[in-house]
Amino acid sequence: MTAVTPDGSGVDLDEDRLHEECGVFGIFGHPDAAAIVALGLHALQHRGQEAAGIVAFDGARFHSERRQGLVGDHFSSASVIDRLPGQTAIGHVRYSTTGETALRNVQPLFAELEAGGLAIAHNGNLTNGLTLRRELIRGGAICQSTTDTEVVLLLAARSRRMKIVDRFVEALADIEGAYALVALTNKKLIGARDPLGIRPLVLGELDGCPILCSETCALDIIGARFIRDIENGEVVVISADAVKSFFPLPRQPARPCIFEYIYFARPDSIVHGRSVYDARKAMGAELAREAPADADVVVPVPDSGVPAAIGYARACGLPFELGIIRNHYVGRTFIQPTQSIRELGVRMKHNANRAVVAGKRVVLIDDSIVRGTTSVKIVQMMRDAGAREVHFRISSPPIAYPDFYGIDTPERDKLLAARMDLESMRRFMGADSLAFLSVAGIYRAMGFSERNARQPQFTDHCFTGDYPTRLLDKDGEPGRQHLPLLAEAG
């Protein structure tokens, strides 16, 4: 993410956020396939800003364009789209959680198999990816990337099945963790979700052409129609003849990631039939009931804290105000020559709205706290702008455990809630009071009377430590969890 100043000073509200691995998009049989994929990826840009790629098939050859950076920086020109001919294409936006940031890790990845070409784009993280990778290398496989997505290609290549779809499905039987996969062959578009449905994937349609993508907002941007969510454990195979669905793995109760509703999904998306915007407002309302504050104004931490702040303000009858203004036109900050000039850049991206907060008792609403370093700066920003009191409210429970399913979280000893109790966190941030939404509260906001401890309705391990799958790479052989990396010239 962009830092406000080269030396790390200033208030960049994105520097201490959770980051999701990626978003996927694919369309079958449309004459403008690559252009539509580029538009869809633009709508999914919030899911990954490090790199983007598109692979298209023209009936005879696969064509690939993969770039580091934003979608709009590389896929907005006609010349690039013209290099991606064909009526079927898949695309990917990436924030790396496995593998370093290098062009060889930019997806979709492609391999030429005995039965034909196969391109794959992956959202999620395999919890046995390194274990499988070592096994494949011992068997003679050659790895060209450091991303776990390549494991799926290598498993498909190892399969002795004749059809690519069968090879793909056989690979799914070996992988564990979270995945929403979109794959492209010379005849088919394939989608797959992990047995728990941790990562999202939806089916849509534009001009009669099927679409697979991570979120409904990507359908909206191109005027496509939402058909349904791909179910947990489902494989969808799209061809010129039909859209076929089957469940090759043992069925399990769905357990989608709760962070799609808290932070990752765009607020205008519908995830598993629930409006993300409404869910976040409901979380704010629950937070107001659990942790009201004697205050004058409710202020969101932009942008992700806005819906929860609206819900909080309505539930407790306080005015909602934009007390922090975000400059959406700041890209990478200038390299400023002196410390005095650097200090002027502190407010380039976020600035307190003094007219709103001066002399007021402020309730700050944010969606989550990771390391807590940014929270300290936000509280100080409010005090510098004249706030009389600062009460911090978080519309999710404390993040006390790391993630291994595609969310970029620090190790546990770097998570604030794993190191401190509530009062210690409050003192660390310098707030007058601090409260988090409870685990029970987040389930109430999602429409459940309580969390089912024996069979939780969501993947919520960051709060509870209740991991839904084996963590084979994490718990495996000590000292063997890191990949050897080839340093590449910039």
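In this text, all values refer to a predicted model and were calculated from it rather than measured experimentally.

Q: Looking at this structure, I do not really get the overall build of the chain. What am I missing?
A: Along the chain, the regular secondary structure elements total 18 helices and 23 strands. Of the roughly 20000 Å² of accessible surface on the chain, 51% is carried by carbon and sulfur atoms.

Q: I keep staring at the environment of Val 182 and nothing clicks. Help me out?
A: Tracing the chain through its elements places Val 182 in strand E8 (residues 177–184). With relative accessibility at 0%, the residue Val 182 sits in the buried group. Spatially, the C-alpha atoms of Val 182 and Arg 193 are 9.2 Å apart, while their sequence positions differ by 11 residues. With residues near it in sequence (within four places) discarded, Val 182 still touches Val 24, Gly 26, Ile 90, Ala 119, Ile 120, Ala 121, Leu 189, Ile 190, Leu 201 and Leu 212.

Q: I would appreciate a short explanation of the nonpolar core in the present structure.
A: Nonpolar side chains in soluble globular proteins tend to be buried together. Counting 42 residues, the largest nonpolar core has Ile 258, Phe 259, Tyr 261 and Met 283 as the members making the most contacts within it. Listed by contribution, the elements that provide at least two residues to this core are helix H8 (259–264), helix H9 (276–290), helix H10 (306–316), strand E20 (361–366), helix H16 (439–445) and helix H17 (461–464). Counting 30 residues, the second-largest nonpolar core is a separate cluster that includes Ala 38, Val 80, Val 93 and Cys 209.

Q: Teacher, can you tell me more about the sheet that holds strand E23 (residues 433–436) here?
A: Consider a sheet: its strands pair through backbone hydrogen bonds, and that pairing is either parallel or antiparallel. The sheet built from 4 strands is open, its strands ordered E17-E20-E21-E23 with parallel pairing. Every other strand in the sheet has two partners, leaving strand E17 (297–300) and E23 as the edge strands with one partner each. For this sheet, the mean inter-axis angle between neighbouring strands, taken without regard to orientation, is 20°. As paired elements, E20 and strand E21 (residues 389–394) share 6 bridges and run parallel to each other. Counted as the bridge partner of Ile 365 is Arg 393 from E21. Its contacts with the sheet place H10 against E17, E20 and E21, and it is angled at close to 165° to E17. Contacting E21 and E23, helix H15 (residues 422–429) crosses the sheet at an angle of about 125° to E23.

Q: Mind showing me how you'd approach the pairing of strand E9 (residues 189–193) here?
A: Sheet faces and side chains relate simply in a regular strand, where the side chains alternate between the two faces. Of all 5 residues that make up E9, 5 are buried, and the element is covered over most of its length. The two faces of E9 match: Leu 189, Gly 191 and Arg 193 on one face and Ile 190 and Ala 192 on the other face are all buried. Both E8 and E9 contribute to a ladder of 5 bridges, which runs antiparallel. In the sheet register, Ala 180 faces E9, and the bridge partner there is Arg 193. Linking E8 back to E9 in an antiparallel pair, the connection comprises 4 residues. In this sheet, strand E13 (residues 235–238) lies alongside E9 in antiparallel orientation, the contact comprising 4 bridges. When the bridges of E13 are listed, Ile 190 appears paired with Val 237.

Q: How should I be thinking about the packing of H9 against H10 in this particular structure?
A: A pair of packed helices is captured by two measures, namely the crossing angle of their axes and the spacing between those axes. For the pair H9 and H10, the least separation of the axes is 6 Å and the interaxial angle reads 45°. As far as their axial angle goes, H10 and H9 are oblique. Of the two elements, H9 crosses H10, and the hand of that crossing is right-handed. Residues Tyr 277, Arg 280, Lys 281, Gly 284, Ala 285, Leu 287 and Ala 288 of H9 form the contact with H10, whose participating residues are Pro 307, Ala 308, Ile 310, Gly 311, Tyr 312, Arg 314, Ala 315 and Cys 316.

Q: Looking at this model, I keep getting lost on the pattern of salt bridges. Mind explaining?
A: As a working rule, side chains carrying opposite charge can pair if their charged atoms are close by. Scanning all chains against the criterion turns up 32 salt bridges. Residues joined by salt bridges that share partners form a network here, namely Arg 47, Arg 199, Glu 215 and Glu 260.

Q: Could you clarify how one ought to interpret H9 in this entry?
A: Count 3.6 residues to each turn of an α-helix, and residues three or four apart come out pointing the same way. For H9, spanning 15 residues, the distance from its first C-alpha to its last is 21 Å, which sits close to the expected 21 Å at 1.5 Å a residue. For H9, the full list of buried residues reads Val 276, Ala 279, Arg 280, Lys 281, Met 283, Gly 284, Ala 285, Glu 286, Leu 287 and Ala 288. Backbone nitrogen of Tyr 277 and a side-chain oxygen of the N-cap are separated by 3.3 Å at the start of H9; the cap is Ser 275.

Q: Would you mind showing me how to read the confidence of the model for the chain here?
A: Low-pLDDT portions of the prediction should not be read for the details of their coordinates. Chain-level statistics for the chain give a pLDDT mean of 89 and a share of 88% at 70 or above. When the criterion is pLDDT under 50, residues 1–10 qualifies, and its contacts beyond four places in sequence or with other chains add up to 31 contacts. With pLDDT under 50 throughout, residues 342–346 is counted as low confidence; its partners more than four residues away or in other chains account for 12 contacts.

Q: Mind showing me how you'd approach the state of the cysteines here?
A: Within this structure, the stated rule accounts for 0 disulfides. Note on Cys 213: no disulfide assigned, nearest cysteine sulfur contributed by Cys 217 at a separation of 7.7 Å.

Q: Looking at this model, I keep getting lost on unusual backbone geometry. Mind explaining?
A: Leaving glycine out, the prevailing phi sign among residues is negative, and the prevailing peptide bond configuration is trans. Residue Pro 108 is reached from Gln 107 by a cis peptide bond, and omega for that bond is 5°. When you line up the elements, Pro 108 lands in the loop between strand E5 (88–94) and strand E6 (109–113). The amide bond that connects Pro 302 to the next residue, Asp 303, takes the cis arrangement and shows omega of -10°. Although it is not a glycine, Asp 207 adopts a positive phi angle of roughly 55°. Along the polypeptide, Asp 207 turns up in the loop between strand E10 (202–206) and strand E11 (209–213). Given the relative accessible area of 65%, Asp 207 is considered exposed. One non-glycine residue, His 272, lies in positive phi territory at about 50°. The residue His 272 is located in the loop between strand E15 (270–271) and strand E16 (274–275) in this model.

Cut-offs used in this document
Residues numbered from 1 in each chain as written. Predicted model: local features only at pLDDT ≥ 70, side-chain atom pairs only at ≥ 80, totals over all residues. Heavy atoms only, no water. Helix = DSSP H or I, 4+ residues; strand = E, 2+ residues; numbered from the N terminus. Areas by Shrake-Rupley, 256 points an atom, 1.4 Å probe, with all protein chains shown as cover. Buried < 20%, exposed > 50% of the residue type's maximum accessible area, 1.4 Å probe, protein only. Contact = heavy atoms within 4.5 Å. Core = buried A, V, L, I, M, F, W, Y, C linked by side-chain atoms within 4.5 Å. Pairing = 2+ DSSP bridges. Axes fitted to C-alpha atoms, helices over the stretch in contact; angles between N-to-C directions. Parallel < 35°, antiparallel > 145°, perpendicular 65-115°, else oblique. Left-handed = near helix turned anticlockwise from the far one by under 90°. Salt bridge = Lys/Arg side-chain N within 4 Å of Asp/Glu carboxyl O. Expected span 1.5 Å × (residues − 1). Polar contact = N/O pair within 3.5 Å; in protein donor to acceptor, adjacent residues only side chain to side chain. pLDDT = per-residue confidence, 0-100. Disulfide = S-S within 2.5 Å.

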